[in-house]
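A look at the structure
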Amino acid sequence: NAGVMQNPRHLVRRRGQEARLRCSPMKGHSHVYWYRQLPEEGLKFMVYLQKENIIDESGMPKERFSAEFPKEGPSILRIQQVVRGDSAAYFCASSPTRGSMGSGANVLTFGAGSRLTVL
Amino acid sequence: GIQVEQSPPDLILQEGANSTLRCNFSDSVNNLQWFHQNPWGQLINLFYIPSGTKQNGRLSATTVATERYSLLYISSSQTTDSGVYFCAVAKGGGGNKLTFGTGTQLKVEL
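Residues numbered from 1 in each chain as written. Chains lettered and ligands numbered in written order. Predicted model: local features only at pLDDT ≥ 70, side-chain atom pairs only at ≥ 80, totals over all residues. Heavy atoms only, no water.

Section: the overall build of chain A
Regarding its fold elements, chain A presents 0 helices and 11 strands. Along its sequence from the N terminus, chain A presents helices and strands in the succession β-β-β-β-β-β-β-β-β-β-β. A principal-axis box enclosing the C-alpha atoms of chain A has dimensions of 45 × 30 × 25 Å. For chain A, the proportion of its 119 residues judged to be buried stands at 45%. Residue pairs in contact within chain A that sit at least 24 positions apart in sequence constitute 52% of those at least 6 positions apart. Of the side-chain charges in chain A, 17 are positive and 10 negative, and the distance between the mean point of each set is 6 Å. (Helix = DSSP H or I, 4+ residues; strand = E, 2+ residues; numbered from the N terminus. Buried < 20%, exposed > 50% of the residue type's maximum accessible area, 1.4 Å probe, protein only. Contact = heavy atoms within 4.5 Å. Lys, Arg positive; Asp, Glu negative; His and termini not counted. Charge placed at Lys NZ, Arg CZ, Asp CG, Glu CD.)

Right, here's the structure in full:
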(Lines give C-alpha, C1' and ligand atoms only; values in the text may rest on other atoms or scores of the structure.)
Protein backbone atom coordinates (compact mmCIF):
# COMPACT_ATOMS: atom_id res chain seq x y z
CA ASN A 1 0.00 0.00 0.00
CA ALA A 2 1.69 3.17 -1.20
CA GLY A 3 0.06 5.43 1.36
CA VAL A 4 -1.18 8.95 0.64
CA MET A 5 0.83 10.38 -2.24
CA GLN A 6 1.27 14.11 -2.66
CA ASN A 7 3.06 16.02 -5.37
CA PRO A 8 4.92 18.13 -5.85
CA ARG A 9 6.80 17.94 -2.56
CA HIS A 10 8.16 21.43 -3.06
CA LEU A 11 6.75 24.17 -5.25
CA VAL A 12 8.05 27.69 -5.80
CA ARG A 13 5.80 30.29 -7.36
CA ARG A 14 6.01 34.02 -7.93
CA ARG A 15 3.24 36.29 -6.73
CA GLY A 16 0.27 36.16 -9.09
CA GLN A 17 0.97 32.67 -10.44
CA GLU A 18 -1.17 29.59 -9.89
CA ALA A 19 -0.29 26.62 -7.68
CA ARG A 20 -1.77 23.17 -8.18
CA LEU A 21 -1.22 20.52 -5.52
CA ARG A 22 -2.18 16.91 -6.13
CA CYS A 23 -3.13 14.14 -3.75
CA SER A 24 -3.83 10.46 -4.33
CA PRO A 25 -5.45 8.87 -1.27
CA MET A 26 -4.57 5.47 0.09
CA LYS A 27 -6.05 2.57 -1.84
CA GLY A 28 -9.55 1.92 -0.62
CA HIS A 29 -9.95 5.39 0.93
CA SER A 30 -12.71 7.56 -0.49
CA HIS A 31 -12.54 10.44 2.00
CA VAL A 32 -9.95 13.16 1.39
CA TYR A 33 -9.06 16.11 3.62
CA TRP A 34 -6.75 19.04 3.01
CA TYR A 35 -5.00 20.81 5.89
CA ARG A 36 -2.65 23.78 5.86
CA GLN A 37 0.25 24.35 8.23
CA LEU A 38 1.24 27.99 8.35
CA PRO A 39 4.33 29.07 10.25
CA GLU A 40 3.35 29.98 13.82
CA GLU A 41 -0.29 28.97 13.25
CA GLY A 42 -0.37 25.21 13.39
CA LEU A 43 -2.45 22.81 11.36
CA LYS A 44 -5.84 24.01 10.15
CA PHE A 45 -8.59 22.14 8.32
CA MET A 46 -9.37 23.45 4.85
CA VAL A 47 -11.72 21.12 2.99
CA TYR A 48 -13.24 17.63 3.02
CA LEU A 49 -14.09 15.87 -0.22
CA GLN A 50 -15.44 12.61 -1.48
CA LYS A 51 -15.40 11.53 -5.11
CA GLU A 52 -17.01 14.31 -7.18
CA ASN A 53 -18.35 16.05 -4.07
CA ILE A 54 -17.19 18.78 -1.73
CA ILE A 55 -18.58 17.81 1.65
CA ASP A 56 -17.25 20.62 3.85
CA GLU A 57 -15.22 23.62 2.68
CA SER A 58 -15.67 25.73 5.79
CA GLY A 59 -11.90 26.11 6.25
CA MET A 60 -11.14 27.33 2.75
CA PRO A 61 -10.36 31.00 2.14
CA LYS A 62 -13.27 32.54 0.27
CA GLU A 63 -11.24 33.66 -2.71
CA ARG A 64 -8.52 32.16 -4.90
CA PHE A 65 -8.69 28.67 -3.35
CA SER A 66 -10.58 25.71 -4.79
CA ALA A 67 -10.50 21.95 -4.46
CA GLU A 68 -11.81 19.01 -6.40
CA PHE A 69 -11.76 15.24 -6.25
CA PRO A 70 -12.86 13.96 -9.66
CA LYS A 71 -14.25 10.53 -10.41
CA GLU A 72 -10.93 9.59 -11.96
CA GLY A 73 -7.57 10.87 -10.83
CA PRO A 74 -6.17 12.63 -7.78
CA SER A 75 -7.65 15.34 -5.64
CA ILE A 76 -6.44 18.81 -6.62
CA LEU A 77 -6.01 21.88 -4.41
CA ARG A 78 -5.74 24.95 -6.61
CA ILE A 79 -4.54 28.35 -5.49
CA GLN A 80 -4.92 31.16 -7.99
CA GLN A 81 -2.93 34.41 -7.96
CA VAL A 82 -0.75 33.30 -5.07
CA VAL A 83 0.46 35.81 -2.48
CA ARG A 84 3.33 35.52 -0.01
CA GLY A 85 0.89 34.68 2.79
CA ASP A 86 0.02 31.45 0.96
CA SER A 87 3.51 30.10 1.68
CA ALA A 88 2.89 27.05 3.84
CA ALA A 89 2.90 23.29 3.98
CA TYR A 90 -0.26 21.79 2.52
CA PHE A 91 -1.13 18.32 3.76
CA CYS A 92 -3.58 15.88 2.27
CA ALA A 93 -5.04 13.09 4.38
CA SER A 94 -7.40 10.24 3.71
CA SER A 95 -9.58 7.83 5.64
CA PRO A 96 -11.68 4.85 4.64
CA THR A 97 -14.76 6.21 6.40
CA ARG A 98 -16.07 9.58 7.47
CA GLY A 99 -14.93 9.18 11.04
CA SER A 100 -17.82 8.09 13.19
CA MET A 101 -17.61 7.28 16.85
CA GLY A 102 -16.13 3.96 17.76
CA SER A 103 -14.68 3.03 14.43
CA GLY A 104 -10.95 2.55 14.18
CA ALA A 105 -11.44 2.63 10.44
CA ASN A 106 -11.65 6.43 10.57
CA VAL A 107 -7.97 6.81 11.38
CA LEU A 108 -6.60 9.69 9.35
CA THR A 109 -3.47 9.01 7.30
CA PHE A 110 -1.46 11.98 6.10
CA GLY A 111 0.70 12.42 3.05
CA ALA A 112 4.19 13.90 3.25
CA GLY A 113 2.92 17.36 2.38
CA SER A 114 3.55 19.89 -0.36
CA ARG A 115 5.62 22.89 0.65
CA LEU A 116 4.67 26.02 -1.26
CA THR A 117 6.99 29.00 -1.31
CA VAL A 118 5.77 32.22 -2.87
CA LEU A 119 8.50 34.64 -3.89
CA GLY B 1 -15.20 26.33 18.08
CA ILE B 2 -13.56 23.70 20.22
CA GLN B 3 -10.30 24.64 21.93
CA VAL B 4 -7.39 22.20 22.26
CA GLU B 5 -4.54 22.92 24.64
CA GLN B 6 -1.41 20.84 24.89
CA SER B 7 1.23 20.84 27.58
CA PRO B 8 4.08 21.22 27.98
CA PRO B 9 4.83 23.27 24.85
CA ASP B 10 8.47 22.17 24.89
CA LEU B 11 10.25 19.23 26.45
CA ILE B 12 13.86 18.11 26.48
CA LEU B 13 14.66 14.57 27.62
CA GLN B 14 17.72 12.44 28.00
CA GLU B 15 17.55 9.21 26.04
CA GLY B 16 15.91 6.50 28.12
CA ALA B 17 13.69 8.87 30.11
CA ASN B 18 9.90 8.65 30.30
CA SER B 19 7.45 11.47 29.63
CA THR B 20 3.77 12.34 29.72
CA LEU B 21 2.16 14.76 27.27
CA ARG B 22 -1.26 16.19 28.01
CA CYS B 23 -4.13 17.35 25.80
CA ASN B 24 -7.12 19.24 27.21
CA PHE B 25 -10.15 20.00 25.08
CA SER B 26 -13.05 22.32 25.74
CA ASP B 27 -16.05 20.27 24.57
CA SER B 28 -17.27 16.72 24.12
CA VAL B 29 -15.58 14.91 21.26
CA ASN B 30 -16.11 11.59 19.53
CA ASN B 31 -12.86 11.61 17.60
CA LEU B 32 -9.41 12.11 19.12
CA GLN B 33 -6.13 11.25 17.43
CA TRP B 34 -2.48 11.71 18.36
CA PHE B 35 0.10 12.47 15.69
CA HIS B 36 3.88 12.75 15.60
CA GLN B 37 5.43 15.20 13.16
CA ASN B 38 9.04 14.16 12.65
CA PRO B 39 11.86 16.61 11.93
CA TRP B 40 11.29 16.11 8.18
CA GLY B 41 7.69 17.25 8.50
CA GLN B 42 5.93 13.93 8.02
CA LEU B 43 2.79 13.46 10.13
CA ILE B 44 2.42 9.97 11.53
CA ASN B 45 -0.78 8.77 13.17
CA LEU B 46 0.00 7.29 16.58
CA PHE B 47 -3.42 6.60 18.05
CA TYR B 48 -7.11 6.92 17.36
CA ILE B 49 -8.40 7.12 20.93
CA PRO B 50 -11.70 8.91 21.64
CA SER B 51 -11.87 7.04 24.94
CA GLY B 52 -10.05 4.39 26.92
CA THR B 53 -6.44 3.25 26.81
CA LYS B 54 -4.26 1.88 24.03
CA GLN B 55 -0.65 0.80 23.84
CA ASN B 56 1.72 0.45 20.91
CA GLY B 57 5.24 -0.52 21.85
CA ARG B 58 6.84 2.21 23.97
CA LEU B 59 3.88 4.52 23.44
CA SER B 60 0.54 4.44 25.17
CA ALA B 61 -2.39 6.80 25.36
CA THR B 62 -5.35 7.31 27.65
CA THR B 63 -8.40 9.47 27.02
CA VAL B 64 -10.85 10.34 29.80
CA ALA B 65 -13.66 11.72 27.68
CA THR B 66 -15.87 12.72 30.61
CA GLU B 67 -13.08 14.95 31.97
CA ARG B 68 -12.01 16.18 28.52
CA TYR B 69 -8.37 15.25 28.50
CA SER B 70 -6.00 12.77 26.92
CA LEU B 71 -2.49 11.71 27.88
CA LEU B 72 0.29 10.34 25.70
CA TYR B 73 3.00 8.36 27.48
CA ILE B 74 6.43 7.84 25.97
CA SER B 75 8.64 5.36 27.78
CA SER B 76 12.38 4.75 27.32
CA SER B 77 12.59 7.66 24.91
CA GLN B 78 14.90 7.49 21.88
CA THR B 79 16.36 10.22 19.71
CA THR B 80 13.99 9.14 16.94
CA ASP B 81 11.09 10.22 19.16
CA SER B 82 12.10 13.84 18.62
CA GLY B 83 9.63 16.07 16.83
CA VAL B 84 6.26 17.63 17.54
CA TYR B 85 3.36 15.71 19.05
CA PHE B 86 -0.12 16.88 18.15
CA CYS B 87 -3.45 16.05 19.66
CA ALA B 88 -6.43 16.57 17.33
CA VAL B 89 -10.15 16.29 18.04
CA ALA B 90 -13.53 16.47 16.36
CA LYS B 91 -17.03 16.77 17.80
CA GLY B 92 -19.91 14.51 16.95
CA GLY B 93 -20.75 14.83 13.28
CA GLY B 94 -17.37 16.37 12.55
CA GLY B 95 -15.89 13.27 11.02
CA ASN B 96 -12.19 13.83 10.44
CA LYS B 97 -12.54 17.61 10.34
CA LEU B 98 -10.01 17.78 13.15
CA THR B 99 -9.04 20.70 15.34
CA PHE B 100 -5.36 20.44 16.18
CA GLY B 101 -3.64 21.56 19.34
CA THR B 102 -0.50 23.68 19.17
CA GLY B 103 1.66 20.67 19.87
CA THR B 104 4.44 19.63 22.22
CA GLN B 105 7.95 20.02 20.79
CA LEU B 106 10.05 17.10 22.08
CA LYS B 107 13.80 16.83 21.82
CA VAL B 108 15.52 13.66 22.99
CA GLU B 109 19.24 14.01 23.59
CA LEU B 110 21.93 11.37 23.96
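Resuming the write-up.
Let's talk about the sheet that holds strand E3 (residues 19-25) of chain B
Residue and element names in this part refer to chain B. Ordered by their spatial adjacency, 5 strands build an open sheet running E1-E3-E8-E7-E6, and the pairing between neighbours is antiparallel. In the strand order of this sheet, the two ends are held by strand E1 (4-7) and strand E6 (52-56), each with one partner. When strand polarity is set aside, the average angle formed by the axes of neighbouring strands in this sheet is 15 degrees. (Pairing = 2+ DSSP bridges. Axes fitted to C-alpha atoms, helices over the stretch in contact; angles between N-to-C directions.)

Focus on the interface of chain A and chain B
The extent of an interface is frequently quoted as the accessible surface area lost upon association of the parts. Between chain A and chain B, the residue contacts involve 24 residues of the former and 20 residues of the latter. Summing both partners gives a buried area of about 1700 Å² for chain A against chain B, and 53% of it is carried by carbon and sulfur. Taken together, the links from chain A to chain B amount to 1 salt bridge. A salt bridge links Asp-56 of chain A to Lys-97 of chain B; the shortest N-O distance between them is 3.3 Å. For the pair chain A and chain B, the interface holds 10 residue pairs in polar contact (both at pLDDT 80 or more). (Buried area = accessible area lost by both parts, 1.4 Å probe. Salt bridge = Lys/Arg side-chain N within 4 Å of Asp/Glu carboxyl O. Polar contact = N/O pair within 3.5 Å; in protein donor to acceptor, adjacent residues only side chain to side chain.)

Scope: geometric values only; no functional claims are made or implied.
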